[in-house]
Amino acid sequence: MILDGKKIATEIRGELRTQVEALKAADKRVPKLGIVIVGNNPASETYVNNKMKACAEVGIEAVKIAYPAEITEQTLLTEVHKLNNDPSIDGFIVQLPLPEHISETTILSAIDHRKDVDGLTPENVGRTVQGLPSIISATPRGIRELLARYNIQTEGKHVVVIGRSNIVGKPMAILLMQRPYLSLPGMSAASLGDATVTICHSKTRDLKSICLTADIIIVAAGSPNLLTAEMVREGATVIDVGINRIDDPTSPRGYRLVGDVDFEHVAPKAAYITPVPGGVGPMTIVSLLQNTLQAYQLKIEE
Ligand code: NAD
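Keep in mind that this is a model prediction, so the values were computed, not measured. (Residues numbered from 1 in each chain as written. Predicted model: local features only at pLDDT ≥ 70, side-chain atom pairs only at ≥ 80, totals over all residues. Heavy atoms only, no water.)

Undergrad: Sorry if this is basic, but what is going on with the overall build of the protein here?
TA: Scanning the protein from terminus to terminus reveals 10 helices and 10 strands. For the protein, the C-alpha radius of gyration of 19 Å lies close to 19 Å, the compact-globule estimate for 302 residues. Along the first, second and third principal axes, the C-alpha atoms of the protein reach 55 × 40 × 35 Å. Burial status across the protein gives 49% buried among its 302 residues. Long-range contacts, defined here as pairs at least 24 residues apart, represent 70% of the contacts in the protein between residues at least 6 apart. Summed over its atoms, the accessible surface of the protein is roughly 13,900 Å², and 54% of this surface lies on carbon and sulfur atoms. Side-chain charges of the protein comprise 31 positive and 34 negative groups, with the mean position of each set lying 2 Å from the other. (Helix = DSSP H or I, 4+ residues; strand = E, 2+ residues; numbered from the N terminus. Rg over C-alpha atoms; globule rule 2.2 N^0.38 Å. Buried < 20%, exposed > 50% of the residue type's maximum accessible area, 1.4 Å probe, protein only. Contact = heavy atoms within 4.5 Å. Areas by Shrake-Rupley, 256 points an atom, 1.4 Å probe, with all protein chains shown as cover. Lys, Arg positive; Asp, Glu negative; His and termini not counted. Charge placed at Lys NZ, Arg CZ, Asp CG, Glu CD.)

Next comes the structure, spelled out in structure tokens:
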């Protein structure tokens, strides 16, 4: 069965729209998201435009704050502090990657964790690790929501996460192995967590044997066809996070997007599988919107 991230994300956007409309009807201001982009990386431009469009669809105000690639780290830090102190902004993100002369760690660490709607500050990550209420990184949040909405339980299951990045692999593994999490605003209260998690990465030996013991495999490696059919047991659930551009002269763009999974051969064995595109990607964007509403609500409650 296909886990239709596009459909679920549309449903969630509908729910968010209703929540934002209720705010308007009560004469309250709407949530506002800032999106910082540095330079003109075409992939980043596309991601930012998609995020702006998604905000508009649900009635969240979004402002794009663009800086030239030559901006210094110090100036960008000053801009981050301004956003931290701007009462009209509920949350903001800094689109990655940043130019090489700017440290992503320095910039991300400077974001006020209450406005960190990408959930990447050390404060939010630390709170997530400790099981405290936090803003969770958008992709793991989206994957958890997708599993919840298809009623796929994780308790006692063996989940193999391939990839150990700060934005996907690590937070995903933490969420899955935790005791069932506190229900957060806008999140399904499904009992996700309590899984036995194995994290694999580029130095892992015999990935195939490990994957064959998995009930659920989450692949976030950025490597096309990394997960093949002989690595997946019958009835496993497969979540493909990868987004890879591969040349395709038959496509008008000259390329097409594929994930990390050999979808054609893995899908017949899997009980559930996400497609690329249309699986995890739309869930990531809608999670950013949920995180923005969460930051707004926390601010109102302060
Ligand atoms: P990254 O590029 O920072 O790291 C990749 C990870 O995969 C590393 O930890 C590495 O050790 C591991 N890895 C690479 N090759 C491997 C191999 N052959 N065997 C085992 N492990 C291997 O990762 P990232 O930023 O998490 O991104 C991963 C992929 O997910 C990329 O394709 C990215 O574009 C995509 N992504 C998609 C979304 C989405 O919304 N769908 C969001 C974030 C990232």
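Having put the structure on the table, let's press on.
Undergrad: Would you explain the pairing of strand β4 (residues 158–162) in this entry?
TA: The side chains of a regular strand alternate, first on one face of the sheet and then on the other. Within β4, 5 of the 5 residues are buried, which leaves it mostly tucked inside the rest of the structure. Of the two faces of β4, the one holding His158, Val160 and Ile162 and the one holding Val159 and Val161 are both buried throughout. Note: β4 against strand β6 (residues 216–219), 4 bridges, orientation parallel. Pairing of Val161 across the sheet is with Ile218, part of β6. (Pairing = 2+ DSSP bridges.)

Undergrad: Quick question: what am I supposed to make of the environment of Lys51 here?
TA: With respect to the helices and strands, Lys51 occurs in helix α2 (residues 42–58). On the accessibility criterion, Lys51 (14% relative accessible area) is buried. Other than its neighbours up to four places away in sequence, Lys51 contacts Ile35, Ile93, Gln95, Ile285 and Leu288.

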